[in-house]
Structures are given as C-alpha cells and as structure tokens.
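# Structural overview
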Amino acid sequence: MEFFLHILISGIATGAIYSLIAVGYSITFTTMRVLNFALGMWVMIGGMLTLTLNVMLGFNLLITLPVLVAVMAILGVVGERVSIYPFFRAGSDVWIMSTLAVGFLFINSAQLIWGHNPLPVPSFFGDGIIMFGPFAIFPQQILVIATAFVIFSLLYLFYYRTLLGKAFRAIAYSSEVTSLMGINTRMICILSYVMTSVLAGVAGFIIVPITFAEPQMGTVLGLKAFAVAIVAGLSAPRGILFCGLAYGALEALASGYFYTGVRDILGFSLMILVLILRPEGLFGKPTGERA
Amino acid sequence: MLSVEALRVAYGSLEVIKDVSFEVGEGEIVTILGSNGAGKTTTLRSIAGLHRALSGRVAFEGEDIAAWSPARIARRGLRMVPEGRQLFPDHTVLENLELGAYSRYRAGEARSVKTDMDDLLDLFPRIRERLHEKAGLLSGGEQQMVAISRALISRPKLLIMDEPSLGLAPILIRSIFEAFVKLRGNGLTLLLVEQMAHLALQICDRAYVLESGVVKVSGSPKELLANSQVLEAYLGKVVEA
C-alpha cells in the first residue's frame, strides 16, 4: 500500500507537469486553431533560464521568475511573428513545420550555450522529504501539483470572469463575428501565443529541479503533453487537468508494477485509441465547421 | 452618412457585385431589396470590412473606409448584425452584450454602458429575464433582439442589418421592425437588407433594388410601389399577402 501511494503521488506530480504543458496547446488552438508543436522545447528554455538566472547568476527565485516571464513573453511575440503569422494569414498549414523548426533552433542553441550535460538545479524548498503519515513526498512535487491547480484556476477565471477572456472564447466560435464587435482579433491571437510561451516557461521553471537542466529536457514531456491534450480534447482545459493527472498516475503505476518500457507505449496507444473512438477528445465537444 | 460608389466585389474569379452605388443619409432607414443571390449580403460584408472590394469607394462620414479592418470600422461607429444573428452560443446573453461593448469598456465607459444596457433591456424586455442563459438556448426572436442589442450597446451611428426577419415568426418580425422605427426616432441611421420587401417598404425612407450585382431601381417606397410592375419583375409579388 505504501509503495502504491508513493508511486501514485509521484505519478500525479508528473501528470501535473503534463497538464501544465498540455493546456498551452489548447490556448492557441482556441484562438487560432493553431498549435505550437515545439512547446516542450519552450519548456526547456524556461528550465535553462532558471539554471542561468538562479544557479549561474545567483538571483533568488523571486527575481528569477519575473525575468523569466519577461523573456518568455518576448520570445513568444517573436515566435508568433515568424512561425505562425505568415502562414496563418495565408491560410496555410506550414505552421506545423515552422513551430517545430523554432523548437529545433532552441535545442541547438541550448546545446551551444549550455552544453549537452544535464546540470542540477536545487529544489526550491530543499531536498528534505515531507512525511505524510506512512508515505514520503518531495516538496518540489507538492509545488508542481499546487502550481498546476493554481494556474488552471486562474485560467478558468480568465476565460469566464474577464472581458478579454470572454473575447478569447468568442474567437473560438468565430473570429469574423468577434471582429464585428470592434475587437482586435489579431492582438488576441498574439496574446494567446504569448500566454502559451509564458506558461511553458513557468512549467520549465518549476520542473527543472526534478528533471535537471539539459537541452532535451522538454522534448518527450512536450510530446506526452500533446497526447494528453488530444486525449482530453484541445478545447477542454478542465479535462486536460484531469487527464494529465490521470495519465501521470497511470504511467507511474504501469512502470512501477510492470516495467518502465510499458510507460510510453501506454500513453501513445491511448491517444490513438481516443483519436479513433472520439476524435474531439474525452472532454471535448464535437466541433462542426468554424464560421 | 454612408456613401458607396461603383462598388465591385468578387469571390475568386466570380464577380458578385458589378456596380453598386447608393447613399444613406443621417437619420434615414434605407433598404436594399433583391432576390436570393442578388449580392445583398456581399455588399454589406464589404462595407463592414469582412470582404475586400475589387474597386469602388465606401465613405463613412467622409472617410474612405474601404481598406479598414472590420474591427476598426466597428469602433468607428458602423455596426453590422450579420445574417442568422451569429450570437456566441456558449456565452450568456449578458456576455454577448458585454462583448458588443468591448471597446467602450476598454475606453473606461463601464458606467455608461450599464445605463445603456438598462435602456436596451427596456426596449426588449423579453431578454432581461434571460440575461444569464446561454445565448444558444434562446428562441430565434430572442436571439435577434440580443443581436441587435449587442450592436446597439456600442452606440453606433449606423446600424446595418442583414435579413433581420430571417426565420422569425410574423409577430416577432413586426415588433422588431417597430423597434427599428423607434430607434430611428432616437437618432440612429439604419441600412437594412431584407427579403420581406413589403415590410421593409413600410418603414424605410428609400430603397434600392439589386439584381445580379447591379442596382436596377431606386426610389422612395411610394415611387417604387407606384411602379409595381418593375418591382415585381425583380422581387416577385411585393404586395402584402
């Protein structure tokens, strides 16, 4: 039982990471029907910035985080301009390749700047283990899970309680009708891309003590998060949180009780199965043609 | 207030609007009539900036808006209610109205938006009770009232309506047309595209008849009805059934 709970908790922590990244896919899909396929690499940049600012330059976390957010936002504006806008405007699907190209650019630059070796970043609250009765949990894992819940709650409030968030949802229905409201839809598309970039950066920030900082730290995470987003449904943020956590837990249990190799087979088989049975995702609403 | 000169619009290589010119004066209700496929909706879409014209001039209060984005045109005070209402179905009625007032909220006019909203809900009391329901669940008539309110909440100078009667029960159509007359009395200018010619001719000051992308006849309702053969040639039977 202790073994089970231990694996479950660390699985849920991993799942929280998947959800955090996966919701990034959903935000730009909502506004533009476009995905940043390289989101995992953006997560890596967040991790590397944390390494640089926190470990190498010695800034504390309260300075590191805002600087990281600012850098990610700027990268987001530039990334949207070069890898989405030219193709989105022309109605072409080339963004599938161009977003990936940006990702590989990130990986190669990271290898040049930071080298190939995994570098440790200390946990934010030390490496002590917190005991909850019989089972142990790392503070960083609690932080990751808590962050996921906070960010998903904020996102919900944003979508349903702020005028800007309501405009995001309106564009999901029809960009044309939204523009008839006098709303600058182009601005909202840029903003949505910047939001995903910043979210990815923040995800990199909180997970880097767990994963170590290295140029490939986000690649597989990004792919698994993509599977989560597809399984849950790209238009269903709450479903993404649930599926991310469940997926992390399932994966951890499978590799804990069977063997590690099962882990990745499981996730991607699930994704293909869902795509066949319910292409809109478990929590997604079937979408017709967009007006 | 609005002046369209020698408008030409194409979808791909298909020229839908070949030569359309008309005027809408301040405080007028002007109607564009025509059968299906005459180019009425396309004309409105290019005025609102949703479809770029090949050539021609669209002047709104003296400014050439032909190259403007739809959002800029809307903020300038020219609002279109699209065909089929096009409410945001998963947003509540209130949220739809808030989105209509988006630029006013951004300009810090939240308080006056509130009073305007009250006035609108007095004009259409039926939607007051349904403010917190999803707009997609409303009846066609209620949706049309929300769609009109969503445009009016921005305090437009010119309201453009594409087929406001489409799919509505006759009694609702009548009350919506009565609302138009009331709104004109409050200083609003209206441009109306309508298939129900007899209704439109009852309330409008002037009408233009469009066929195959060309304005064929124009004049006051009296002039047009006096020459009813011409009208019927383009529209079929116009006289109220």
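Residues numbered from 1 in each chain as written. Chains lettered and ligands numbered in written order. Predicted model: local features only at pLDDT ≥ 70, side-chain atom pairs only at ≥ 80, totals over all residues. Heavy atoms only, no water.

### Examining the overall build of chain B
The cut-off we apply is this: Secondary structure elements follow DSSP: runs of H or I no shorter than four residues count as helices, runs of E no shorter than two count as strands, and numbering proceeds from the N terminus. Radius of gyration: over C-alpha atoms. The globule rule applied is 2.2 Å multiplied by the number of residues raised to the 0.38 power. For this analysis, residues touch if any pair of their heavy atoms sits within 4.5 Å. Computed by Shrake-Rupley with a 1.4 Å probe, the accessible areas treat only the displayed protein chains as cover when residues are assessed. Think of it this way: Lys and Arg go in the positive column, Asp and Glu in the negative one, and His and the chain ends go nowhere. The atoms used to mark charge sites are NZ of Lys, CZ of Arg, CG of Asp and CD of Glu.
A count of helices and strands for chain B gives 11 helices and 10 strands. A globule of 241 residues ought to have a C-alpha radius of gyration of about 18 Å, and chain B, at 18 Å, matches this closely. The principal-axis extent of the C-alpha atoms belonging to chain B is close to 50 × 40 × 30 Å. In chain B, the proportion of contacts linking residues at least 24 apart, taken out of those at least 6 apart, comes to 67%. In the structure as shown, chain B presents an accessible area of about 10300 Å², 50% of it carried by carbon and sulfur atoms. The centroid of the 29 positive side-chain charges in chain B is displaced by 3 Å from the centroid of its 30 negative side-chain charges.

### What about the interface of chain B and chain A?
Interfaces are often sized by the amount of accessible area the parts lose when they come together. The condition is simple: Buried area is calculated as the accessible area (1.4 Å probe) missing from two parts once they are joined, with the contributions of both summed. Salt-bridge detection follows one rule: a side-chain nitrogen of Lys or Arg within 4 Å of a carboxyl oxygen of Asp or Glu.
The interface of chain B with chain A comprises 25 residues on the first partner and 21 residues on the second. Between chain B and chain A lies a buried interface of about 2000 Å² when both sides are counted; carbon and sulfur atoms form 62% of it. Per-residue buried area on chain B facing chain A is highest for Phe88, Leu99 and Tyr102 of chain B; these three make up 27% of the total on that side. At the junction of chain B with chain A, the criterion picks out three salt bridges.

### Re the environment of Val217 of chain B
Residues and elements named next belong to chain B. Rule in force here: Under the scheme applied here, a residue whose accessible area is under 20% of the maximum for its type counts as buried, over 50% as exposed, and between as partly exposed, the area being computed with a 1.4 Å probe on protein chains only.
Examined against the element boundaries, Val217 turns out to sit in strand 10 (residues 214-219). Here Val217 falls in the buried class, since its relative accessible area comes to 17%. C-alpha separation for the pair Val217 and Val230, spaced 13 residues apart in sequence, amounts to 8.1 Å. Each residue touching Val217, except ones within four places of it in the same chain, is listed here: Ala207, Tyr208, Val209, Leu224, Val230 and Tyr234.

### Structural notes on the confidence of the model for chain B
Residue and element names in this part refer to chain B. Heads up, the rule is: Per-residue confidence from the predictor is given as pLDDT, running between 0 and 100.
Averaged over all residues, the pLDDT of chain B is 92; the fraction at 70 or higher stands at 98%. Within chain B, no element has a lower average pLDDT than helix 11 (residues 228-235), which sits at 75, and none a higher one than helix 3 (residues 93-100), at 97. If you check the scores for this complex, the pTM reads 0.90 and the ipTM reads 0.92.

### Looking at the pattern of salt bridges
All names here are of chain B. Applying the stated criterion across every chain yields a total of 23 salt bridges over all chains. Salt-bridge contacts for Asp116 lead to Arg155; the nearest nitrogen and oxygen are separated by 2.8 Å. Linking Asp116 in helix 5 (residues 110-123) with Arg155 in the loop between helix 7 (140-152) and strand 7 (158-162), this pair joins segments that are 39 residues apart in sequence. Because the salt bridges share partners, they merge into one network encompassing Glu61, Glu63, Arg76 and Lys157.

### With respect to the packing of helix 3 (residues 61-83) of chain A against helix 9 (residues 185-211) of chain A
Residue and element names in this part refer to chain A. Counted only if it meets this: All axes here are fitted lines through C-alpha atoms, helices being fitted over the stretch that makes contact, and every angle between N-to-C directions spans 0 to 180 degrees. For classification purposes, angles smaller than 35 degrees are called roughly parallel, those larger than 145 roughly antiparallel, those between 65 and 115 roughly perpendicular, and all remaining angles oblique. A clockwise turn of the near helix away from the far one marks a right-handed crossing, whereas an anticlockwise turn of less than a right angle marks a left-handed crossing. In this classification, Asp, Glu, Lys and Arg are treated as charged, Ala, Val, Leu, Ile, Met, Phe, Trp, Tyr, Cys and Pro as nonpolar, and every other residue, Gly included, as polar.
Where helix 3 meets helix 9, the closest approach of the two axes is 8 Å, and the angle between their N-to-C directions is 135 degrees. If you check the angle between helix 3 and helix 9, you find them oblique. Between helix 3 and helix 9 the crossing geometry is right-handed. Split into classes, the residues belonging to the contact of helix 3 with helix 9 amount to 13 nonpolar, six polar and three charged.

### Some points on helix 10 (residues 219-232) of chain A
What sets the pattern is the α-helix's 3.6 residues per turn: residues three or four places apart point alike. Residue and element names in this part refer to chain A. Our working definition: Multiplying one less than the number of residues by 1.5 Å gives the expected span of a helix.
Taking 1.5 Å of rise per residue, the 14 residues of helix 10 would be expected to cover 20 Å, and the 20 Å separating its terminal C-alpha atoms lies within 8% of that figure. With 11 of 14 residues buried, helix 10 is to be regarded as a mostly interior element. Every buried residue of helix 10 is accounted for by Leu221, Gly222, Lys224, Ala225, Phe226, Ala227, Val228, Ala229, Ile230, Val231 and Ala232. On the buried face of helix 10, the contacting elements are helix 1 (2-32), helix 2 (39-56), helix 9, helix 11 (237-257) and helix 12 (262-277). Gly233, located one to two residues past helix 10, shows a positive phi value of around 110 degrees.

### A closer look at unusual backbone geometry
Residues and elements named next belong to chain B. A positive phi angle, near 50 degrees, is found at Ala6, a position not held by glycine. As for its position among the elements, Ala6 is in strand 1 (residues 2-11). Residue class for Ala6 comes out partly exposed when judged on its relative accessible area of 39%. One non-glycine residue with positive phi stands out, namely Arg155, at about 55 degrees.

### Some details on the pairing of strand 10 of chain B
Residues and elements named next belong to chain B. Heads up, the rule is: A pair of strands counts as paired when DSSP detects no fewer than two bridges linking them.
The pairing of strand 9 (residues 206-211) with strand 10 spans five bridges and is classified as antiparallel. Bridging across to strand 10, Ala207 finds its partner in Gly219. The hairpin formed by strand 9 and strand 10 contains two residues between the paired strands, and Ser212 there has a positive phi angle of roughly 45 degrees.

### Focus: the layout of surface pockets
We count it as follows: The method works on a 1 Å grid over the protein atoms by themselves. A cavity is a set of points holding a 1.4 Å probe that cannot get out, a pocket is an open set with protein on both sides within 12 Å along at least five of seven lines, and residues with an atom within 4 Å of a point line them. Grid points are joined across faces, edges and corners, and a volume is the space filled by probe spheres set on the points.
In this structure, the second largest pocket spans a volume of roughly 720 Å³. Contributing to the lining of the second largest pocket are 22 residues, with Ser175, Ser179, Thr185 and Arg186 of chain A together with Pro70 of chain B lying nearest its centre. For the lining of the second largest pocket, the secondary structure elements donating two or more residues are helix 4 (85-89), helix 8 (175-180) and helix 9 of chain A together with helix 2 (70-76) of chain B. Its residues assigned to classes, the lining of the second largest pocket comprises eight nonpolar, eight polar and six charged.

### Quick look at the packing of helix 1 of chain A against helix 7 (residues 163-173) of chain A
Between two packed helices, the angle of one axis relative to the other and the distance separating the axes together describe the packing. Helix 7 of chain A packs onto helix 1 of chain A with a crossing angle of 60 degrees between their chain directions and a minimal axis gap of 6 Å. Facing helix 1 of chain A, whose interface residues are Ile27, Thr30 and Thr31 of chain A, helix 7 of chain A presents Phe168, Ile171 and Ala172 of chain A.

### Digging into the confidence of the model for chain A
Across chain A, pLDDT averages 91, with 98% of residues at or above 70. Between the elements of chain A, mean pLDDT differs from a low of 78, seen in strand 2 (residues 135-137) of chain A, to a high of 97, seen in helix 2 of chain A.

### Regarding the packing of aromatic side chains
In this description, an aromatic ring pair is defined by two values, namely the gap between the centres and the angle between the planes. All names here are of chain A. Selection criterion: Whether two aromatic rings pair depends on their centres lying within 6.5 Å, for rings of Phe, Tyr and Trp, where Trp uses its six-membered ring; planes under 30 degrees apart make the pair stacked, over 60 edge-to-face, and the rest tilted.
Under the criterion given, the structure shown has 16 aromatic pairs over all chains. Considering the side-chain rings of Phe37 and Trp95, the 6.0 Å spacing of their centres and the 10 degrees angle between planes classify their relative orientation as stacked. Of this pair, Phe37 sits in the loop between helix 1 and helix 2 while Trp95 is found in helix 5 (residues 95-114), placing the two residues 58 residues apart along the sequence. A residue is classified by how much of its surface remains accessible, and Trp95, at 10% relative accessible area, is buried.

### Overview of the side chain of Ser46 of chain B
Residue and element names in this part refer to chain B. Going by this rule: Here a polar contact is taken to be a pair of N or O atoms separated by no more than 3.5 Å, where protein atoms must pair a possible hydrogen donor with a possible acceptor and residues adjacent in sequence count only if both atoms sit in side chains.
With respect to the helices and strands, Ser46 occurs in helix 1 (residues 40-47). Of the polar contacts made by the side chain of Ser46, one reaches the backbone oxygen of Thr42; its length is 2.7 Å. Once residues lying within four places of it in the same chain are set aside, the contact partners of Ser46 are Leu7, Val9 and His51.

### What to know about the domain arrangement of chain B
Residue and element names in this part refer to chain B. We apply this condition: An automatic or database domain assignment provides the domain bounds reported here.
Domains assigned within chain B are domain 1 (2-77 + 156-235) and domain 2 (88-149). Relative placement of domain 1 and domain 2: their C-alpha centres are 24 Å apart. In this complex, domain 1 contributes 13 residues to the contact, which on the side of domain 2 involves nine residues. Between domain 1 and domain 2, a total of about 790 Å² is buried, with carbon and sulfur atoms accounting for 82% of that surface.

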